[in-house]
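Chains, contacts and geometry: an overview
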Amino acid sequence: MAESIQSNHEPMHSEAIPPRNPAEHVGALVNVLLNERIVQGMSANQRAAAAWYACNGDRERLHTTRVFLRKSQIEGADPIICVYVDSHAYLTDLNANREIYLARLANGGFSVSGIQFGLDREASQRHRLTNNQTTAQQADHEVTIPAEVRQHVQEMVSSLPESLQESISKAILASYLQDRKKEV
């Protein structure tokens with residue numbers, strides 16, 4: 001008789017207290033945004049840049065100039081993510097909060113064994129250029145990226161939220177330019 005009472009018993013629900021929703025991991029949400037179709041077309045460095053931009057805020061995106069992976073010196077360990085920024089002050093800030101950024105990447109589903117921050121000296125020099133020189137430099141970059149590559153990047157980021165599309169596409173294109181410079 002006790003068994004029949006327990007099998008018909010449902011937990012009590014309150015109208016005043018909303019039902020508890022199970023927590024979703026950030027990594028699961030990032031995987032939804034960066035679906036398999038997008039990830040398959042990206043290099044490891046592009047995935048690292050996309051993860052960095054997706055797991056951090058506007059301030060980090062504004063100061064980040066380059067993101068790439070470096071092989072760990074420990075056999076079998078995950079790679080080390082290298083993030084270059086545009087100012088000494090921000091570099092100090094990032095180094096002070098290193099563990100926070102590692103945790104954000106881990107929660108985002110991107111495994112790395114470490115994080116290394118550096119100053120992008122070229123970015124510091126670019127800030128000293130006049131607006132005319134900067135505009136000419138941007139025009140040069142636009143010419144070096146083929147239209148089909150730009151179209152492919154647009155397709156890759158089209159399923160992302162609009163607030164992330166521009167910064168992630170810039171990161172992917174910057175990574176593309178870096179890969180091209182290494183080949184030359």
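The structure displayed is predicted, hence computed values, not measured ones. (Residues numbered from 1 in each chain as written. Predicted model: local features only at pLDDT ≥ 70, side-chain atom pairs only at ≥ 80, totals over all residues. Heavy atoms only, no water.)

Between the first and last C-alpha of helix α4 (residues 44–55) there are 16 Å, a value that for 12 residues agrees with the 16 Å anticipated at 1.5 Å per step. Looking at α4, one finds that the buried residues are N45, Q46, A48, A49, A50, A51, W52, Y53 and C55. (Helix = DSSP H or I, 4+ residues; strand = E, 2+ residues; numbered from the N terminus. Expected span 1.5 Å × (residues − 1). Buried < 20%, exposed > 50% of the residue type's maximum accessible area, 1.4 Å probe, protein only.)

Now for the pairing of strand β3 (residues 114–119). In terms of burial, β3 is largely enclosed, as 5 of its 6 residues are buried. Of the strand pairs in this sheet, strand β2 (residues 80–85) and β3 are connected by 6 bridges, and their pairing is parallel. Across the sheet, residue Y84 finds its bridge partner in β3, namely G118. (Pairing = 2+ DSSP bridges.)

Looking now at the nonpolar core. Membership of the largest hydrophobic core comes to 36 residues, with the highest contact counts inside it found for W52, I81, L105 and I115. Mapped by element, the contributors of at least two residues to this core are α4, β2, α6 (88–96), α7 (98–107), β3, α10 (147–157) and α11 (162–183). Once residues within four sequence positions are removed from consideration, I115 is found in contact with W52, I80, I81, V83, R98, Y101, L102 and L105. (Core = buried A, V, L, I, M, F, W, Y, C linked by side-chain atoms within 4.5 Å. Contact = heavy atoms within 4.5 Å.)

This part takes up the sheet that holds β2. On the basis of which strands lie adjacent, the open sheet formed by 3 strands has the order β1-β2-β3 and mixed pairing. Each edge of the open sheet carries a strand with a single partner, namely β1 (64–70) and β3. Strand-to-strand twist of the sheet, defined as the mean angle between neighbouring strand axes without regard to direction, takes the value 20 degrees. Contacts between α6 and the sheet are confined to β2 and β3, with β3 contributing the most and set at about 165 degrees to the helix. Across the face of the sheet, α7 comes into contact with β2 and β3 while running at roughly 125 degrees to β3. (Axes fitted to C-alpha atoms, helices over the stretch in contact; angles between N-to-C directions.)

Topologically, V83 is positioned in strand β2. A relative accessible area of 0% means that V83 is categorised as buried. It is 6.3 Å that separates the C-alpha atoms of V83 and Q116, two residues lying 33 residues apart in sequence. Dropping the residues within four chain positions of it, V83 is found in contact with W52, T64, R66, V67, I115, Q116, F117 and G118.

Purely spatial values, then, with no claim about function.
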